[in-house]
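Working through the structure, step by step
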Amino acid sequence: MWDNHLFLIDWEGLRLAPVEAELFTFSNGFFYGGIQNAFMEAYEKERGKYSVNRTAMDFYRLRRRLEDIAEFVCSIDCDSLTQRELNESLLNLKMECEALLIER
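What comes next concerns the included structure. Along each chain, residue indices are assigned from 1 in the same order as the chain's sequence is written. Where local features are concerned, this predicted model is filtered to residues with pLDDT of at least 70; where side-chain atom pairs are given and counted, the filter is 80 or more; whole-chain, interface and lining totals use all residues. As a rule here, side-chain values cover all heavy atoms of the structure and leave hydrogens and water aside.

Quick notes on helix α2 (residues 36-47)
Strands are runs of DSSP state E lasting at least 2 residues, helices are runs of H or I lasting at least 4, and numbering of each runs from the N terminus. Here the expected span of a helix is defined as 1.5 Å times the quantity of residues minus one. Between its first and last C-alpha atoms α2 spans 16 Å; for twelve residues at 1.5 Å apiece the expected length is 16 Å, and the two agree. Against α1 (20-23) and α3 (54-78) lie the buried residues of α2. Phi turns positive, to about 80 degrees, at Gly48, one or two residues after α2. In what follows, a contact means two residues having at least one pair of non-hydrogen atoms within 4.5 Å.

Structural data, given as structure tokens:
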């Protein structure tokens, strides 16, 4: 969408939710963790007085880890995976479980 500003929309998970529902992806260990500080500084500067709710960020980050763990378990249990795919899924499942323990 364009209205003198660029608006990015996440159609896959379209819902009314706090901004932290998307911002958690900039947390350490997630998709864009390598640019976390620069992005959050720019975001908070653009939003003005808005302050990110760190508790909400933690909730959405932990929820996503649990969702990923459930998806890996379902895939391992129900999908017809090749040995390579199975090994990859098991490794990813292990990494997510370990990350969950670290975040406690």
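Thoughts on the packing of aromatic side chains
Any two rings among Phe, Tyr and Trp, with Trp reduced to its six-membered ring, count as a pair given centres within 6.5 Å; such a pair is stacked if its planes are under 30 degrees apart, edge-to-face if over 60, and tilted if neither. Evaluated as defined, the whole model comprises three aromatic pairs. Seen from their ring centres, Phe39 and Tyr43 are 6.0 Å apart, and the 25 degrees between their planes marks the pair as stacked. With Phe39 and Tyr43 both in helix α2 and four residues apart, this pair spans about one turn of that helix. When its relative accessible area of 17% is taken as the criterion, Tyr43 is described as buried. Relative to Tyr60, the ring of Phe59 has its centre 5.0 Å away and its plane inclined at 75 degrees; by these criteria the two rings are edge-to-face. Exposure classes here rest on a 1.4 Å probe applied to the protein chains alone. A residue is buried below 20% of its type maximum, exposed above 50%, and partly exposed in between.

Digging into α3
Taking 1.5 Å of rise per residue, 25 residues should cover 36 Å, and α3 covers 36 Å from first to last C-alpha, within 8% of that figure. Among the residues making up α3, those that are buried are Ala56, Met57, Tyr60, Arg61, Arg65, Asp68, Ile69 and Ser75. Check the buried side of α3 and you find it contacts α1, α2 and α4 (83-103). For this analysis, a polar contact is any N or O atom pair within 3.5 Å, provided that within protein one partner can donate a hydrogen and the other can accept it, and provided that sequence-adjacent residues contribute only side-chain to side-chain pairs. The N-capping residue of α3, defined by a side-chain oxygen 3.0 Å from the backbone nitrogen of Thr55, is Asn53.

A closer look at a nonpolar patch on the surface
Taken together, the side chains of Phe31, Tyr32 and Ile35 define a hydrophobic patch exposed on the protein surface, amounting to about 320 Å² of accessible area. Following the sequence through the fold, Phe31 ends up in the loop between α1 and α2. Note on Phe31: relative accessible area 48%, which makes it partly exposed. Patch membership is restricted to residues that have no salt bridge and whose relative accessible area is over 30%. Joining uses 9 Å for like charges and 5 Å for the nonpolar side chains Val, Leu, Ile, Met, Phe, Trp and Tyr. A 1.4 Å probe and the Shrake-Rupley method give the accessible areas. Residues count as covered only by the protein chains that appear here. Every case where a carboxyl oxygen of Asp or Glu lies within 4 Å of a side-chain nitrogen of Lys or Arg is listed as a salt bridge.

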